[in-house]
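# Coordinate analysis (summary)
Letter by letter, the chains look like this.
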Amino acid sequence: DTAVSQTPKYLVTQMGNDKSIKCEQNLGHDTMYWYKQDSKKFLKIMFSYNNKELIINETVPNRFSPKSPDKAHLNLHINSLELGDSAVYFCASSRTLGQVDGYTFGSGTRLTVV
Amino acid sequence: SQKIEQNSEALNIQEGKTATLTCNYTNYSPAYLQWYRQDPGRGPVFLLLIRENEKEKRKERLKVTFDTTLKQSLFHITASQPADSATYLCAPEERYNFNKFYFGSGTKLNVKP
């Protein structure tokens, strides 16, 4: 029973397209996140939602728009995809914001923009 | 700006030995420091968290130390096994500074039988 699941696992698309990645957690956590892992393996936070409210919005192009219909779901929509958007995107959740029990990550979505 | 440094070169050790990984940070005042394991094609998995007032924390074969003066954390795996081969990431976290929770790029550990 997967704790944090994201779909799709792989996404190959052309420049200029719009795509979405979905994430769901069944842990009952209040906070969800989107992280981007680039080719150098740095994990950078993009967004954080706490109880469906946006908490963190790091310097991310406004082509990226997160949506949280409920606290178990956090989806990421990307408009006008660019080559530089190619990366692995991870969804994660934690019990609460700033908690110290660790984050639970999904298995990632590898996005390739051609 | 804040910086997290982990040895980018892979650490190769023989099975049964102790692996020691280093995490250095600058321009941070972390209240906590977390360690994660990441396998190829998978998301990071939480291993341990150590608080600023703790010098050492243990969990089974894992041991983490935290030196806020040196701005360094050491991660040890004793009696290492080939199954321990993975990339290990550290993540210092400042209290209430949620938008500054970054991960280091990790150190790849290879344990040879």
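Residues numbered from 1 in each chain as written. Chains lettered and ligands numbered in written order. Predicted model: local features only at pLDDT ≥ 70, side-chain atom pairs only at ≥ 80, totals over all residues. Heavy atoms only, no water.

Leu33, Trp35, Phe75, Ile77, Tyr88 and Leu109 of chain B are the most contacted members of the largest nonpolar core, which has 22 residues in total. At the level of elements, β3 (19–26), β4 (32–38), β5 (45–51), β7 (62–67), β8 (72–77), β9 (86–93) and β10 (107–112) of chain B are the ones that each hand at least two residues to this core. With 4 residues, the top contributor of residues to this core is β3 of chain B. Among residues more than four places away in sequence, those in contact with Ile77 of chain B are Lys17, Thr18, Ala19, Arg61, Leu62, Asp84, Tyr88 and Leu109 of chain B. By size, the runner-up hydrophobic cluster in this structure holds 19 residues, among which are Ile21, Met32, Phe64 and Val113 of chain A. (Core = buried A, V, L, I, M, F, W, Y, C linked by side-chain atoms within 4.5 Å. Buried < 20%, exposed > 50% of the residue type's maximum accessible area, 1.4 Å probe, protein only. Helix = DSSP H or I, 4+ residues; strand = E, 2+ residues; numbered from the N terminus. Contact = heavy atoms within 4.5 Å.)

Let us look at the packing of aromatic side chains. Residues and elements named next belong to chain A. This structure, assessed with the given rule, holds 15 aromatic pairs over all chains. Where Phe64 meets Tyr89, the ring centres are 6.3 Å apart and the plane angle is 35 degrees; that geometry is what we call tilted. Taken as a pair, Phe64 in strand β7 (residues 64–70) and Tyr89 in strand β9 (residues 87–94) lie far apart in primary sequence, 25 residues in all. Among the residues examined, Tyr89 registers a relative accessible area of 0% and is labelled buried. (Phe/Tyr/Trp six-rings, centres within 6.5 Å; stacked < 30°, edge-to-face > 60°.)

Residues and elements named next belong to chain B. Along the chain, Glu93 turns up in strand β9. For Glu93, a relative accessible area of 2% corresponds to the buried category. A distance of 3.1 Å separates the side chain of Glu93 from the side chain of Gln34, its partner in a polar contact. (Polar contact = N/O pair within 3.5 Å; in protein donor to acceptor, adjacent residues only side chain to side chain.)

Residue and element names in this part refer to chain B. Here 5 strands make up an open sheet; going across it, the order is β1-β3-β8-β7-β6 and the pairing antiparallel. The open sheet has two free edges, formed respectively by β1 (3–6) and β6 (56–59), since each of these has just one partner strand. Ignoring which end each strand starts from, the neighbouring axes of this sheet average 15 degrees apart. In terms of strand pairing, β6 meets β7 through 4 bridges, oriented antiparallel. Within β7, the residue paired with Lys57 across the bridge is Val64. (Pairing = 2+ DSSP bridges. Axes fitted to C-alpha atoms, helices over the stretch in contact; angles between N-to-C directions.)

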